[in-house]
Amino acid sequence: MARVVVVGGGYGGLATAARLAKLGHEVTLVERNPQLGGALSFVEQDGFRWDAGPTTTMLPAAVRDLFRKTGRPLDKEIELVWQEVLREHRFEDGSSVALPGGTRAAQLEAVDELGAGLGQEWIDYVAGYADDWELLRRDYLERPWDRDVAPKATTALLTGREMMHKRLKRTLKDERLRLMAGFPFLLDGHELRNVPAWLGVTAYVEQNFGAWTVPGGMARLTAVLGDRLATRKVEVLLSTTAEDVVLRDGRAVAVRTHDGDLDADIVVSAIDPRRLPALVRHVDRTMPAIPPVISYLGLSGDVPELGPEVVFHGDPTLVVRTGGQAPAGGTAWTVLGRGKLAEDIVVALARKKIDIREQVEIRIDRSPRDLVEEWGGSPLGVLWQGRGTVRHRLGPTTPIPNVYAAGAHATPGSGLPFVGLSAALVAQAVGPA
Ligand SMILES: Cc1cc2nc3c(=O)[nH]c(=O)nc-3n(C[C@H](O)[C@H](O)[C@H](O)COP(=O)(O)OP(=O)(O)OC[C@H]3O[C@@H](n4cnc5c(N)ncnc54)[C@H](O)[C@@H]3O)c2cc1C
(Lines give C-alpha, C1' and ligand atoms only; values in the text may rest on other atoms or scores of the structure.)
Protein backbone atom coordinates (compact mmCIF):
# COMPACT_ATOMS: atom_id res chain seq x y z
CA MET A 1 0.00 0.00 0.00
CA ALA A 2 1.43 3.37 -1.03
CA ARG A 3 0.92 6.61 0.84
CA VAL A 4 -0.58 8.98 -1.71
CA VAL A 5 -0.94 12.73 -1.28
CA VAL A 6 -3.36 14.39 -3.70
CA VAL A 7 -2.92 18.15 -3.97
CA GLY A 8 -6.15 20.07 -4.68
CA GLY A 9 -9.74 19.29 -3.76
CA GLY A 10 -11.52 20.35 -6.96
CA TYR A 11 -13.34 17.76 -9.07
CA GLY A 12 -9.99 16.48 -10.38
CA GLY A 13 -8.49 15.92 -6.92
CA LEU A 14 -11.71 14.44 -5.51
CA ALA A 15 -12.06 11.98 -8.38
CA THR A 16 -8.41 10.96 -8.17
CA ALA A 17 -8.46 10.50 -4.39
CA ALA A 18 -11.60 8.35 -4.58
CA ARG A 19 -10.18 6.14 -7.33
CA LEU A 20 -6.79 5.64 -5.70
CA ALA A 21 -8.35 4.87 -2.31
CA LYS A 22 -10.56 2.23 -3.98
CA LEU A 23 -7.41 0.72 -5.47
CA GLY A 24 -6.20 0.17 -1.91
CA HIS A 25 -3.85 3.12 -1.39
CA GLU A 26 -3.70 5.21 1.75
CA VAL A 27 -4.78 8.62 0.48
CA THR A 28 -4.53 12.11 1.96
CA LEU A 29 -6.04 15.04 0.07
CA VAL A 30 -4.93 18.60 0.78
CA GLU A 31 -7.13 21.56 -0.09
CA ARG A 32 -6.14 25.16 0.55
CA ASN A 33 -9.71 26.45 0.93
CA PRO A 34 -11.91 25.64 3.94
CA GLN A 35 -14.22 23.66 1.64
CA LEU A 36 -13.87 21.16 -1.20
CA GLY A 37 -14.93 21.55 -4.83
CA GLY A 38 -12.88 24.31 -6.45
CA ALA A 39 -14.97 25.52 -9.39
CA LEU A 40 -17.51 22.77 -8.64
CA SER A 41 -18.99 24.66 -5.70
CA PHE A 42 -21.86 27.01 -4.90
CA VAL A 43 -21.98 30.77 -4.48
CA GLU A 44 -24.77 31.64 -2.02
CA GLN A 45 -26.41 34.80 -0.73
CA ASP A 46 -29.81 35.62 0.81
CA GLY A 47 -31.49 32.42 -0.34
CA PHE A 48 -30.05 32.59 -3.86
CA ARG A 49 -27.64 29.89 -4.94
CA TRP A 50 -25.58 29.71 -8.12
CA ASP A 51 -23.18 27.11 -9.45
CA ALA A 52 -19.84 28.91 -9.22
CA GLY A 53 -18.56 27.23 -12.39
CA PRO A 54 -19.92 24.19 -14.26
CA THR A 55 -23.66 23.86 -14.77
CA THR A 56 -23.71 20.81 -17.08
CA THR A 57 -21.46 17.99 -18.17
CA MET A 58 -21.20 16.22 -21.47
CA LEU A 59 -20.24 12.55 -21.54
CA PRO A 60 -22.23 11.36 -18.50
CA ALA A 61 -20.54 7.96 -18.84
CA ALA A 62 -17.38 9.50 -17.39
CA VAL A 63 -19.19 10.53 -14.17
CA ARG A 64 -21.02 7.20 -13.97
CA ASP A 65 -17.74 5.33 -14.36
CA LEU A 66 -16.20 7.30 -11.49
CA PHE A 67 -19.04 6.40 -9.14
CA ARG A 68 -19.24 2.76 -10.22
CA LYS A 69 -15.49 2.23 -9.86
CA THR A 70 -15.30 3.81 -6.40
CA GLY A 71 -18.28 2.15 -4.70
CA ARG A 72 -22.00 2.73 -5.22
CA PRO A 73 -23.34 3.69 -8.67
CA LEU A 74 -24.17 7.35 -9.33
CA ASP A 75 -27.95 6.89 -9.50
CA LYS A 76 -27.96 5.59 -5.91
CA GLU A 77 -26.52 8.92 -4.80
CA ILE A 78 -27.69 11.71 -7.08
CA GLU A 79 -29.79 12.28 -10.20
CA LEU A 80 -28.12 13.27 -13.45
CA VAL A 81 -30.72 14.56 -15.91
CA TRP A 82 -30.54 15.15 -19.62
CA GLN A 83 -30.92 18.74 -20.80
CA GLU A 84 -32.83 18.84 -24.06
CA VAL A 85 -31.31 22.06 -25.39
CA LEU A 86 -27.52 22.33 -25.18
CA ARG A 87 -27.64 26.09 -25.65
CA GLU A 88 -29.38 28.73 -27.65
CA HIS A 89 -27.26 30.88 -29.94
CA ARG A 90 -28.45 34.43 -30.71
CA PHE A 91 -26.57 36.20 -33.47
CA GLU A 92 -26.06 39.89 -34.15
CA ASP A 93 -28.22 39.74 -37.30
CA GLY A 94 -31.22 38.81 -35.11
CA SER A 95 -31.34 35.12 -36.07
CA SER A 96 -31.10 32.39 -33.45
CA VAL A 97 -30.98 28.63 -33.02
CA ALA A 98 -31.69 26.44 -29.98
CA LEU A 99 -29.22 23.59 -30.44
CA PRO A 100 -30.48 20.29 -29.02
CA GLY A 101 -28.11 17.62 -27.81
CA GLY A 102 -28.23 13.86 -28.06
CA THR A 103 -29.43 13.35 -31.64
CA ARG A 104 -28.22 14.16 -35.09
CA ALA A 105 -31.73 14.43 -36.53
CA ALA A 106 -32.80 17.05 -33.96
CA GLN A 107 -29.71 19.15 -34.69
CA LEU A 108 -30.28 18.89 -38.43
CA GLU A 109 -33.82 20.19 -38.07
CA ALA A 110 -32.92 22.98 -35.62
CA VAL A 111 -29.96 24.34 -37.58
CA ASP A 112 -31.90 24.22 -40.85
CA GLU A 113 -34.11 26.96 -39.38
CA LEU A 114 -31.14 29.30 -39.90
CA GLY A 115 -31.33 28.68 -43.64
CA ALA A 116 -32.12 25.77 -45.93
CA GLY A 117 -29.12 23.45 -46.25
CA LEU A 118 -27.33 24.78 -43.15
CA GLY A 119 -28.58 21.85 -41.05
CA GLN A 120 -26.80 19.46 -43.41
CA GLU A 121 -23.66 21.63 -43.40
CA TRP A 122 -23.56 21.46 -39.59
CA ILE A 123 -24.26 17.73 -39.50
CA ASP A 124 -21.47 17.09 -42.01
CA TYR A 125 -19.06 19.20 -39.96
CA VAL A 126 -19.85 17.23 -36.79
CA ALA A 127 -19.78 13.86 -38.61
CA GLY A 128 -16.25 14.75 -39.73
CA TYR A 129 -15.17 14.02 -36.14
CA ALA A 130 -16.67 10.52 -35.83
CA ASP A 131 -13.42 8.68 -36.63
CA ASP A 132 -11.35 11.10 -34.54
CA TRP A 133 -13.60 10.39 -31.56
CA GLU A 134 -12.98 6.64 -31.83
CA LEU A 135 -9.22 7.16 -32.03
CA LEU A 136 -9.09 9.64 -29.15
CA ARG A 137 -11.44 7.64 -26.95
CA ARG A 138 -9.40 4.47 -27.19
CA ASP A 139 -5.84 5.78 -27.03
CA TYR A 140 -5.95 9.20 -25.42
CA LEU A 141 -8.98 9.49 -23.17
CA GLU A 142 -9.44 5.97 -21.83
CA ARG A 143 -5.81 4.99 -21.52
CA PRO A 144 -2.65 7.05 -21.36
CA TRP A 145 -1.45 8.04 -24.82
CA ASP A 146 1.76 6.19 -25.59
CA ARG A 147 3.32 6.87 -28.97
CA ASP A 148 4.85 3.38 -28.98
CA VAL A 149 1.52 1.64 -28.45
CA ALA A 150 -1.13 3.95 -29.93
CA PRO A 151 -2.06 3.54 -33.61
CA LYS A 152 -0.12 5.89 -35.89
CA ALA A 153 -3.40 7.58 -36.82
CA THR A 154 -3.96 8.67 -33.20
CA THR A 155 -0.49 10.16 -32.92
CA ALA A 156 -0.92 11.87 -36.29
CA LEU A 157 -4.19 13.36 -35.08
CA LEU A 158 -2.75 14.60 -31.79
CA THR A 159 0.29 16.15 -33.44
CA GLY A 160 -1.50 17.39 -36.59
CA ARG A 161 -0.94 20.90 -37.90
CA GLU A 162 -4.51 21.88 -38.62
CA MET A 163 -5.91 24.46 -36.22
CA MET A 164 -9.56 25.08 -35.41
CA HIS A 165 -9.96 28.35 -37.35
CA LYS A 166 -8.67 26.66 -40.53
CA ARG A 167 -10.98 23.69 -40.07
CA LEU A 168 -13.97 25.98 -39.57
CA LYS A 169 -13.09 28.09 -42.60
CA ARG A 170 -12.66 24.98 -44.71
CA THR A 171 -15.83 23.18 -43.66
CA LEU A 172 -18.40 25.80 -42.65
CA LYS A 173 -19.38 28.55 -45.08
CA ASP A 174 -21.93 30.26 -42.86
CA GLU A 175 -20.36 32.61 -40.31
CA ARG A 176 -23.01 31.73 -37.70
CA LEU A 177 -22.16 28.03 -37.85
CA ARG A 178 -18.50 28.95 -37.36
CA LEU A 179 -19.46 30.97 -34.28
CA MET A 180 -21.43 28.01 -32.93
CA ALA A 181 -18.54 25.62 -33.47
CA GLY A 182 -15.93 27.99 -32.03
CA PHE A 183 -17.99 29.08 -29.04
CA PRO A 184 -16.82 26.50 -26.43
CA PHE A 185 -13.19 27.51 -27.05
CA LEU A 186 -13.96 31.22 -26.98
CA LEU A 187 -15.78 30.78 -23.65
CA ASP A 188 -12.77 28.96 -22.23
CA GLY A 189 -10.46 31.82 -23.24
CA HIS A 190 -8.69 30.30 -26.26
CA GLU A 191 -7.84 31.79 -29.67
CA LEU A 192 -9.17 29.56 -32.45
CA ARG A 193 -5.94 29.92 -34.41
CA ASN A 194 -4.11 28.21 -31.50
CA VAL A 195 -6.62 25.43 -30.80
CA PRO A 196 -5.86 22.13 -32.59
CA ALA A 197 -8.65 21.12 -34.96
CA TRP A 198 -9.10 17.71 -33.31
CA LEU A 199 -10.61 19.41 -30.26
CA GLY A 200 -13.72 20.06 -32.33
CA VAL A 201 -14.54 16.47 -31.38
CA THR A 202 -16.47 17.98 -28.47
CA ALA A 203 -19.22 18.96 -30.95
CA TYR A 204 -19.51 15.26 -31.86
CA VAL A 205 -19.67 14.29 -28.18
CA GLU A 206 -22.34 16.91 -27.46
CA GLN A 207 -24.37 15.83 -30.46
CA ASN A 208 -24.24 12.16 -29.56
CA PHE A 209 -24.37 12.15 -25.77
CA GLY A 210 -25.98 15.52 -24.93
CA ALA A 211 -25.55 17.73 -21.89
CA TRP A 212 -26.48 16.55 -18.40
CA THR A 213 -27.11 18.37 -15.19
CA VAL A 214 -27.85 17.74 -11.52
CA PRO A 215 -31.19 19.13 -10.27
CA GLY A 216 -30.44 21.66 -7.53
CA GLY A 217 -27.03 22.46 -8.98
CA MET A 218 -24.07 20.65 -10.50
CA ALA A 219 -22.01 21.45 -7.40
CA ARG A 220 -24.11 18.98 -5.38
CA LEU A 221 -21.67 16.45 -6.84
CA THR A 222 -18.97 17.83 -4.54
CA ALA A 223 -20.84 16.89 -1.35
CA VAL A 224 -21.51 13.41 -2.71
CA LEU A 225 -17.85 12.97 -3.60
CA GLY A 226 -16.85 14.27 -0.16
CA ASP A 227 -18.98 11.48 1.35
CA ARG A 228 -17.38 8.98 -1.00
CA LEU A 229 -13.95 10.03 0.26
CA ALA A 230 -15.12 9.51 3.85
CA THR A 231 -16.39 6.02 2.95
CA ARG A 232 -13.07 5.20 1.32
CA LYS A 233 -11.23 6.52 4.41
CA VAL A 234 -9.40 9.29 2.58
CA GLU A 235 -7.91 11.79 5.00
CA VAL A 236 -9.02 15.27 3.93
CA LEU A 237 -7.00 18.25 5.14
CA LEU A 238 -8.89 21.48 4.51
CA SER A 239 -7.37 24.96 4.79
CA THR A 240 -4.05 23.34 3.99
CA THR A 241 -1.92 24.77 1.20
CA ALA A 242 0.64 22.61 -0.55
CA GLU A 243 3.72 24.74 -1.07
CA ASP A 244 5.96 22.26 -2.88
CA VAL A 245 6.80 18.63 -3.53
CA VAL A 246 9.88 17.56 -1.59
CA LEU A 247 12.27 15.59 -3.80
CA ARG A 248 15.08 13.24 -2.82
CA ASP A 249 17.25 11.53 -5.45
CA GLY A 250 14.84 12.65 -8.16
CA ARG A 251 11.75 11.18 -6.48
CA ALA A 252 9.01 12.75 -4.39
CA VAL A 253 9.20 11.93 -0.68
CA ALA A 254 6.73 14.43 0.76
CA VAL A 255 4.40 17.32 0.10
CA ARG A 256 5.40 20.48 1.91
CA THR A 257 2.50 22.41 3.41
CA HIS A 258 2.51 25.52 5.56
CA ASP A 259 1.74 23.10 8.41
CA GLY A 260 4.70 20.77 7.85
CA ASP A 261 5.64 17.93 5.49
CA LEU A 262 3.29 15.08 4.58
CA ASP A 263 5.30 11.95 3.75
CA ALA A 264 4.34 10.43 0.41
CA ASP A 265 5.27 7.49 -1.80
CA ILE A 266 3.16 8.99 -4.57
CA VAL A 267 2.07 12.59 -5.18
CA VAL A 268 -0.74 13.68 -7.50
CA SER A 269 -0.91 17.33 -8.50
CA ALA A 270 -4.55 18.23 -9.19
CA ILE A 271 -3.79 21.98 -9.32
CA ASP A 272 -1.89 24.19 -11.74
CA PRO A 273 1.57 22.55 -11.48
CA ARG A 274 3.20 25.92 -12.06
CA ARG A 275 2.31 26.59 -8.42
CA LEU A 276 4.56 23.79 -7.15
CA PRO A 277 8.23 24.83 -7.51
CA ALA A 278 9.41 21.22 -8.04
CA LEU A 279 7.16 20.94 -11.11
CA VAL A 280 7.47 24.42 -12.51
CA ARG A 281 10.37 23.77 -14.86
CA HIS A 282 8.48 20.89 -16.45
CA VAL A 283 5.63 23.19 -17.47
CA ASP A 284 7.53 26.34 -18.36
CA ARG A 285 6.02 26.33 -21.86
CA THR A 286 2.45 26.47 -20.60
CA MET A 287 0.19 29.36 -19.65
CA PRO A 288 -3.20 29.18 -17.94
CA ALA A 289 -6.48 29.82 -19.78
CA ILE A 290 -8.06 32.73 -17.95
CA PRO A 291 -11.68 32.52 -16.70
CA PRO A 292 -14.37 34.87 -18.04
CA VAL A 293 -15.85 37.83 -16.19
CA ILE A 294 -18.76 36.50 -14.10
CA SER A 295 -21.76 38.13 -12.52
CA TYR A 296 -24.05 36.05 -10.30
CA LEU A 297 -27.44 37.77 -10.32
CA GLY A 298 -30.36 37.39 -7.92
CA LEU A 299 -33.43 38.75 -9.73
CA SER A 300 -36.99 39.52 -8.62
CA GLY A 301 -40.19 40.05 -10.58
CA ASP A 302 -40.71 39.21 -14.23
CA VAL A 303 -37.63 38.35 -16.23
CA PRO A 304 -37.41 37.24 -19.87
CA GLU A 305 -37.97 33.52 -20.44
CA LEU A 306 -34.63 32.03 -21.44
CA GLY A 307 -33.48 28.44 -21.81
CA PRO A 308 -30.77 26.98 -19.56
CA GLU A 309 -27.92 28.58 -21.55
CA VAL A 310 -28.18 31.42 -24.05
CA VAL A 311 -25.18 32.76 -25.94
CA PHE A 312 -25.36 36.32 -27.27
CA HIS A 313 -22.69 36.46 -29.95
CA GLY A 314 -20.76 39.64 -30.70
CA ASP A 315 -18.04 41.57 -28.96
CA PRO A 316 -18.50 41.12 -26.08
CA THR A 317 -19.98 37.65 -26.23
CA LEU A 318 -22.27 37.14 -23.25
CA VAL A 319 -23.60 33.87 -21.91
CA VAL A 320 -26.61 33.68 -19.59
CA ARG A 321 -27.06 30.52 -17.52
CA THR A 322 -30.46 30.49 -15.89
CA GLY A 323 -30.48 27.38 -13.70
CA GLY A 324 -29.60 28.86 -10.28
CA GLN A 325 -31.77 28.38 -7.19
CA ALA A 326 -33.82 31.32 -5.89
CA PRO A 327 -36.33 32.05 -3.13
CA ALA A 328 -40.05 32.21 -4.10
CA GLY A 329 -40.68 34.86 -6.76
CA GLY A 330 -36.99 35.14 -7.62
CA THR A 331 -34.69 33.92 -10.38
CA ALA A 332 -30.96 33.23 -10.24
CA TRP A 333 -28.87 33.83 -13.36
CA THR A 334 -25.20 33.78 -14.05
CA VAL A 335 -23.81 36.02 -16.78
CA LEU A 336 -20.40 35.19 -18.24
CA GLY A 337 -18.60 37.71 -20.42
CA ARG A 338 -15.80 37.44 -22.97
CA GLY A 339 -14.28 40.09 -25.20
CA LYS A 340 -14.67 43.86 -25.17
CA LEU A 341 -16.45 44.55 -21.89
CA ALA A 342 -15.97 48.30 -21.68
CA GLU A 343 -19.25 48.77 -19.83
CA ASP A 344 -21.10 47.09 -17.01
CA ILE A 345 -22.07 43.50 -17.91
CA VAL A 346 -25.77 44.06 -17.07
CA VAL A 347 -25.83 47.15 -19.30
CA ALA A 348 -24.07 45.16 -22.03
CA LEU A 349 -26.82 42.54 -21.65
CA ALA A 350 -29.50 45.24 -21.96
CA ARG A 351 -27.89 46.20 -25.28
CA LYS A 352 -28.47 42.60 -26.34
CA LYS A 353 -32.17 43.24 -25.60
CA ILE A 354 -32.26 41.43 -22.27
CA ASP A 355 -32.90 44.30 -19.92
CA ILE A 356 -33.06 43.12 -16.32
CA ARG A 357 -31.58 46.25 -14.74
CA GLU A 358 -34.72 46.89 -12.69
CA GLN A 359 -34.93 43.27 -11.51
CA VAL A 360 -31.48 42.95 -9.97
CA GLU A 361 -31.77 42.38 -6.21
CA ILE A 362 -28.38 40.85 -5.57
CA ARG A 363 -25.29 40.89 -7.63
CA ILE A 364 -21.94 39.26 -6.99
CA ASP A 365 -19.25 40.18 -9.51
CA ARG A 366 -16.07 38.23 -10.00
CA SER A 367 -13.23 39.33 -12.23
CA PRO A 368 -10.97 36.71 -13.85
CA ARG A 369 -8.33 37.72 -11.30
CA ASP A 370 -10.72 37.21 -8.33
CA LEU A 371 -11.54 33.75 -9.62
CA VAL A 372 -7.94 32.68 -10.09
CA GLU A 373 -7.11 33.92 -6.59
CA GLU A 374 -10.10 32.15 -5.08
CA TRP A 375 -9.30 28.82 -6.70
CA GLY A 376 -5.51 29.05 -6.52
CA GLY A 377 -5.26 28.80 -10.31
CA SER A 378 -7.57 28.63 -13.31
CA PRO A 379 -10.12 25.79 -13.47
CA LEU A 380 -9.92 26.16 -17.26
CA GLY A 381 -6.48 24.56 -17.33
CA VAL A 382 -3.79 25.19 -19.90
CA LEU A 383 -4.16 27.76 -22.66
CA TRP A 384 -3.94 26.29 -26.15
CA GLN A 385 -0.86 27.77 -27.83
CA GLY A 386 -0.75 25.51 -30.86
CA ARG A 387 -0.18 21.84 -31.49
CA GLY A 388 2.72 21.61 -29.00
CA THR A 389 0.51 22.26 -25.97
CA VAL A 390 -0.71 18.67 -25.94
CA ARG A 391 2.89 17.60 -25.16
CA HIS A 392 3.84 20.56 -22.96
CA ARG A 393 1.21 19.97 -20.32
CA LEU A 394 1.67 17.14 -17.83
CA GLY A 395 -0.36 14.05 -17.13
CA PRO A 396 -1.15 11.45 -16.29
CA THR A 397 2.59 10.93 -15.63
CA THR A 398 5.24 13.62 -15.16
CA PRO A 399 9.03 13.60 -15.58
CA ILE A 400 9.28 12.83 -11.84
CA PRO A 401 8.63 9.08 -11.63
CA ASN A 402 6.30 9.01 -8.62
CA VAL A 403 4.52 12.31 -9.32
CA TYR A 404 1.32 12.29 -11.40
CA ALA A 405 -0.91 15.08 -12.72
CA ALA A 406 -4.71 15.23 -12.86
CA GLY A 407 -7.31 17.99 -13.16
CA ALA A 408 -7.89 20.70 -15.73
CA HIS A 409 -4.17 21.46 -16.13
CA ALA A 410 -3.37 17.85 -16.97
CA THR A 411 -4.19 15.60 -19.94
CA PRO A 412 -6.85 15.53 -21.36
CA GLY A 413 -7.78 19.07 -20.22
CA SER A 414 -10.53 21.14 -18.68
CA GLY A 415 -14.27 20.56 -18.39
CA LEU A 416 -15.84 18.02 -16.05
CA PRO A 417 -15.69 15.03 -18.43
CA PHE A 418 -12.02 15.50 -19.24
CA VAL A 419 -11.08 16.31 -15.65
CA GLY A 420 -12.91 13.14 -14.56
CA LEU A 421 -11.05 11.14 -17.21
CA SER A 422 -7.72 12.59 -16.01
CA ALA A 423 -8.37 10.94 -12.64
CA ALA A 424 -9.07 7.60 -14.35
CA LEU A 425 -5.82 7.93 -16.34
CA VAL A 426 -3.82 8.60 -13.16
CA ALA A 427 -5.46 5.61 -11.45
CA GLN A 428 -4.43 3.42 -14.40
CA ALA A 429 -0.88 4.75 -14.37
CA VAL A 430 -0.50 4.24 -10.60
CA GLY A 431 -2.29 0.87 -10.50
CA PRO A 432 -3.57 -1.10 -7.51
CA ALA A 433 -1.80 -1.15 -4.12
C1 LIG B 1 -17.09 29.93 -15.04
C2 LIG B 1 -16.81 28.50 -15.39
C3 LIG B 1 -17.82 27.75 -15.99
C4 LIG B 1 -17.59 26.42 -16.32
N5 LIG B 1 -18.60 25.70 -16.87
C6 LIG B 1 -18.42 24.39 -17.14
C7 LIG B 1 -19.50 23.58 -17.57
O8 LIG B 1 -20.64 24.04 -17.70
N9 LIG B 1 -19.25 22.27 -17.84
C10 LIG B 1 -18.02 21.72 -17.66
O11 LIG B 1 -17.86 20.52 -17.88
N12 LIG B 1 -16.98 22.45 -17.22
C13 LIG B 1 -17.16 23.77 -16.93
N14 LIG B 1 -16.14 24.51 -16.44
C15 LIG B 1 -14.82 23.87 -16.28
C16 LIG B 1 -14.74 22.99 -15.01
O17 LIG B 1 -15.41 23.63 -13.98
C18 LIG B 1 -13.30 22.78 -14.61
O19 LIG B 1 -12.52 22.33 -15.70
C20 LIG B 1 -13.14 21.78 -13.46
O21 LIG B 1 -14.09 22.02 -12.45
C22 LIG B 1 -11.72 21.89 -12.94
O23 LIG B 1 -11.52 21.05 -11.85
P24 LIG B 1 -10.08 20.95 -11.18
O25 LIG B 1 -10.21 20.06 -10.01
O26 LIG B 1 -9.05 20.63 -12.18
O27 LIG B 1 -9.71 22.46 -10.74
P28 LIG B 1 -10.35 23.45 -9.69
O29 LIG B 1 -11.82 23.36 -9.68
O30 LIG B 1 -9.71 24.77 -9.99
O31 LIG B 1 -9.83 22.94 -8.29
C32 LIG B 1 -8.53 23.12 -7.82
C33 LIG B 1 -8.58 23.02 -6.31
O34 LIG B 1 -7.24 23.01 -5.80
C35 LIG B 1 -7.15 23.89 -4.70
N36 LIG B 1 -5.75 24.36 -4.64
C37 LIG B 1 -5.12 25.21 -5.48
N38 LIG B 1 -3.84 25.37 -5.12
C39 LIG B 1 -3.65 24.57 -4.01
C40 LIG B 1 -2.52 24.30 -3.19
N41 LIG B 1 -1.34 24.85 -3.41
N42 LIG B 1 -2.69 23.44 -2.14
C43 LIG B 1 -3.90 22.85 -1.90
N44 LIG B 1 -5.00 23.09 -2.67
C45 LIG B 1 -4.87 23.92 -3.71
C46 LIG B 1 -8.14 25.00 -5.03
O47 LIG B 1 -8.53 25.73 -3.87
C48 LIG B 1 -9.28 24.22 -5.66
O49 LIG B 1 -10.21 23.74 -4.71
C50 LIG B 1 -16.32 25.83 -16.06
C51 LIG B 1 -15.33 26.58 -15.45
C52 LIG B 1 -15.56 27.90 -15.10
C53 LIG B 1 -14.50 28.69 -14.42
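Values in this document were obtained by computation on a predicted structure and should not be read as measured data. (Residues numbered from 1 in each chain as written. Predicted model: local features only at pLDDT ≥ 70, side-chain atom pairs only at ≥ 80, totals over all residues. Heavy atoms only, no water.)

A. How the structure looks around the pattern of salt bridges. By the definition in use, this model includes 28 salt bridges. The shortest N-O distance in the salt bridge between Arg90 and Glu88 comes to 2.8 Å. Here Arg90 falls in the partly exposed class, since its relative accessible area comes to 26%. Taking relative accessible area as the criterion, Glu88 reaches 15% and is therefore assigned buried. Several salt bridges converge on common partners, so that one network encompasses Arg19, Asp65, Arg68 and Lys69. (Salt bridge = Lys/Arg side-chain N within 4 Å of Asp/Glu carboxyl O. Buried < 20%, exposed > 50% of the residue type's maximum accessible area, 1.4 Å probe, protein only.)

B. Molecular detail of the domain arrangement of the chain. The domain boundaries assigned to the chain delineate domain 1 (3-40 + 61-79 + 218-287 + 378-430), domain 2 (104-206) and domain 3 (293-373). Here the C-alpha centroids of domain 2 and domain 3 sit 29 Å apart. Contact with domain 2, which involves 6 residues of that partner, is made by 8 residues of domain 3. Approximately 580 Å² of surface area, both sides summed, lies buried where domain 2 meets domain 3, with 75% of it carried by carbon and sulfur atoms. Taken as a group, Phe183, Leu186 and Leu187 account for 75% of the area that domain 2 buries against domain 3, more than any other trio of residues on that side. Summed over the shared surface of domain 2 and domain 3, the result is 2 residue pairs in polar contact (both at pLDDT 80 or more). Residues of the side of domain 2 that touches domain 3, tallied by class, amount to 4 nonpolar, 1 polar and 1 charged. (Domains from an automatic or database assignment. Contact = heavy atoms within 4.5 Å. Buried area = accessible area lost by both parts, 1.4 Å probe. Polar contact = N/O pair within 3.5 Å; in protein donor to acceptor, adjacent residues only side chain to side chain. Nonpolar A, V, L, I, M, F, W, Y, C, P; charged D, E, K, R; others polar.)

C. Here's a closer look at the packing of helix H2 (residues 60-69) against helix H10 (residues 220-231). Where H2 contacts H10, the axes come no closer than 11 Å and their chain directions differ by 25 degrees. The angle between H2 and H10 falls in the class roughly parallel. The crossing of H2 and H10 is left-handed. Together, Val63, Leu66 and Phe67 of H2 and Leu221, Val224, Leu225 and Arg228 of H10 make up the contact between the two elements. (Axes fitted to C-alpha atoms, helices over the stretch in contact; angles between N-to-C directions. Helix = DSSP H or I, 4+ residues; strand = E, 2+ residues; numbered from the N terminus. Parallel < 35°, antiparallel > 145°, perpendicular 65-115°, else oblique. Left-handed = near helix turned anticlockwise from the far one by under 90°.)

D. Structural context of the packing of helix H3 (residues 104-112) against helix H4 (residues 118-127). Look at H3 against H4: their axes get within 7 Å of each other, and the N-to-C directions meet at 140 degrees. As summarised for this structure, H3 and H4 are arranged oblique, according to the angle between their axes. Where H3 crosses over H4, the two elements pack in a sense that is right-handed. Listed contacts from H4 to Arg104, Gln107, Leu108, Val111 and Asp112 of H3 are Leu118, Gly119, Gln120, Trp122 and Ile123. Of the residues that constitute the contact of H3 with H4, the class distribution is 5 nonpolar, 3 polar and 2 charged.

E. Molecular detail of the environment of Gly314. Here Gly314 shows up in the loop between strand E16 (309-312) and strand E17 (317-324). Linking Gly314 and Arg90, residues 224 residues apart in sequence, is a C-alpha distance of 9.3 Å. When near neighbours in sequence (up to four residues on either side) are disregarded, Gly314 contacts Glu92 and Lys352.

F. Representation of unusual backbone geometry in the model. Backbone torsion omega between Gly395 and Pro396 reads -5 degrees, so that peptide bond is classified as cis. Topologically, Pro396 is positioned in the loop between helix H14 (389-392) and strand E20 (403-405). The omega torsion of the bond from Thr411 to Pro412 falls at 0 degrees, within 30 degrees of zero and hence cis. Residue position: Pro412 is located in the loop between E20 and helix H15 (416-430). The phi angle at Ser239 is positive, at roughly 50 degrees, despite the residue not being glycine. Inspection of the secondary structure puts Ser239 in the loop between strand E10 (235-237) and strand E11 (242-248).

G. Local environment of the site of the ligand. In the neighbourhood of the ligand, 34 residues make up the surrounding shell, with Glu31, Thr56, Pro379, Ala408 and Leu416 lying closest. Within the backbone of Arg32, an N or O atom sits 3.1 Å from a nitrogen atom of the ligand. The contact in question runs from a nitrogen atom of the ligand to an N or O atom on the side chain of Arg321, over 3.1 Å. A total of 1,000 Å² of accessible area belongs to the ligand in isolation, and the protein chains cover 94% of it. Counting only elements with at least two residues in the shell around the ligand, the list comes to helix H1 (11-22) and H15. With 3 residues, the single largest contributor to the shell around the ligand is H15. Taken together, the residues of the shell around the ligand sort by class into 15 nonpolar, 16 polar and 3 charged. (Near = heavy atom within 4 Å. Areas by Shrake-Rupley, 256 points an atom, 1.4 Å probe, with all protein chains shown as cover.)

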